[in-house]
Amino acid sequence: MILVTAATGNIGRELTCELDARGAELRVLVRDPARAAGLPERAERAVGDLGEPTTLTPAFDGVDKLFLLTPGIGTDYTAAAITAAGAAGVNHIVHLSSLHVIGDPMPAMGRWHHEREEIIRGSGIPATFLRPGGFMTNALDWLPTIRDANHVLDPVGPGRYAPIDPADIAAVAALALTENGHRGKEYLLTGHEMFTVTEQVRIISETIGRDIEVRAAATPGEAVRSRFPNGAPQALADAITEGFTLMRADTVGFRTDTVERLLGRRPRTFADWCARNADAFRRPEQT
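All of these numbers come straight from a predicted model, not from anything done at the bench. Each residue is numbered by its place in its chain's sequence as written, counting from 1. A pLDDT threshold of at least 70 governs which residues receive local features in this predicted model, and a stricter bar of 80 or more applies before side-chain atom pairs are shown or counted, although totals over entire chains, interfaces and linings include all residues. Only heavy atoms go into the side-chain values, all of them from the structure, while hydrogens and water stay out.

This part is about the packing of helix α8 (residues 220–227) against helix α9 (residues 234–249). Here α8 crosses α9 at 130°, and the two axes come no closer than 9 Å. Classified by the interaxial angle, the pair formed by α8 and α9 is oblique. Crossing of α8 against α9: the hand is right-handed. Contacts between α8 and α9 pair P220, G221, A223, V224 and R227 from the former with A237, I240, T241, F244 and T245 from the latter. Classifying every residue of the contact of α8 with α9 by side-chain character gives six nonpolar, three polar and one charged. Angles run from 0 to 180 degrees between N-to-C directions of axes, and those axes are lines fitted to C-alpha atoms, restricted for helices to the stretch in contact. For the purposes of this entry, the term helix denotes a DSSP run of H or I that reaches at least four residues, the term strand denotes a run of E that reaches at least two, and both are numbered from the N terminus. Between 65 and 115 degrees an angle is taken as roughly perpendicular, under 35 as roughly parallel, over 145 as roughly antiparallel, and anywhere else as oblique. Handedness of a crossing follows from how the near helix is turned relative to the far one, being left-handed for an anticlockwise turn of less than a right angle and right-handed for a clockwise one. Contacts are assigned to residue pairs with any non-hydrogen atoms lying within 4.5 Å of each other. Only Asp, Glu, Lys and Arg are considered charged in this grouping, and only Ala, Val, Leu, Ile, Met, Phe, Trp, Tyr, Cys and Pro are considered nonpolar; every other residue, Gly among them, is considered polar.

So, on to the environment of P40. Along the polypeptide, P40 turns up in the loop between β2 (26–30) and β3 (44–47). Throughout this description, buried means an accessible area under 20% of the type-specific maximum (1.4 Å probe, protein chains only), exposed means over 50%, and partly exposed covers the range between. Accessibility expressed as a relative area gives 10% for P40, which makes it buried. Sequence separation between P40 and A80 is 40 residues; the distance between their C-alpha atoms is 26 Å. Excluding residues within four positions of it along the chain, P40 makes contact with T16, C17, D20 and R45.

Let us look at α9. Given a helix with a known number of residues, its expected span is that number minus one, times 1.5 Å. An ideal rise of 1.5 Å per residue puts 22 Å on 16 residues; α9 measures up with 23 Å between its terminal C-alpha atoms. All of the buried residues along α9 are L236, A237, A239, I240, G243 and F244. With its buried residues spanning 165° around the axis, α9 presents them on a single face. Across from the buried face of α9, at angles greater than 90 degrees, the exposed residues are Q234 and A249. Where α9 is buried, its residues touch α4 (108–123) and α8. As used here, the arc is the angular range of directions from the helix axis to the C-beta atoms.

Bringing the pattern of salt bridges into the picture now. Should a side-chain nitrogen of Lys or Arg be within 4 Å of a carboxyl oxygen of Asp or Glu, the pair is scored as a salt bridge. Enumeration according to the criterion identifies 16 salt bridges in this entry. Here E117 ties to R121 by a salt bridge, and the two come within 2.9 Å at their closest N and O atoms. With E117 and R121 both in helix α4, this residue pair falls four residues apart, about one helical turn. In this structure, D165 engages R276 in a salt bridge whose closest nitrogen and oxygen atoms are separated by 2.6 Å. Of this pair, D165 sits in the loop between β7 (151–154) and α6 (166–178) while R276 sits in helix α11 (residues 270–276), and the two are 111 residues apart along the sequence.

Keep in mind these values describe shape, not function.
Structural data, given as structure tokens:
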């Protein structure tokens, strides 16, 4: 039995479909059963919350493999999941970490993920660590200003990176959960194409047939405030600001061929992702 945490998120939904297509015995952990609408019917539903460890015992009962994605800041969710996994006899964990853990020096985002990885290593349960870079779905953070003011605030200027489609992360996770040879491995995952923010916005514009202005953010902090208009925890705001600063300085970018080596195909393109999500970027009068 495979248990998928964060099953209603961008990666989790794709992963449950991948596992369902492979015929895997599958259970999803959800806080709100209503949000599980659209997940494969064959997947068992377990209601629980990583933030409430007492709810995890029945969810983990009979599970031998775990896909673990823990959101937010800190390690409490990871520790609760690993305690439950150990008690249930889980024998393989595929954990969503971050490319930031290889930073030198390691940024705050990387330190949080590194600490989570260390908890898993300390458990003695064999694990596979997936370390993706930026997600293509991060472009959805631009929706408020695109819809309301037809612009995107750019905090990274000449900085370049290779965003990855969450569907490709899910495909690698499904491979690691259902095939041999992945325990003890660490996979750095990126897309194939390098972009600046301006180049990404140009592709969105072409997809929806409307020009979108790119405005340079005066400071990385301005972009954080735009992304979190109601405020963000200070530690998170500082980490995002640090990340934007590092991205601005990296005008070459970092790219791996891991997805292609594991899946036997190129990663999905940003243009393809935009085509699948075009309606999200259109104004009501365009749809």
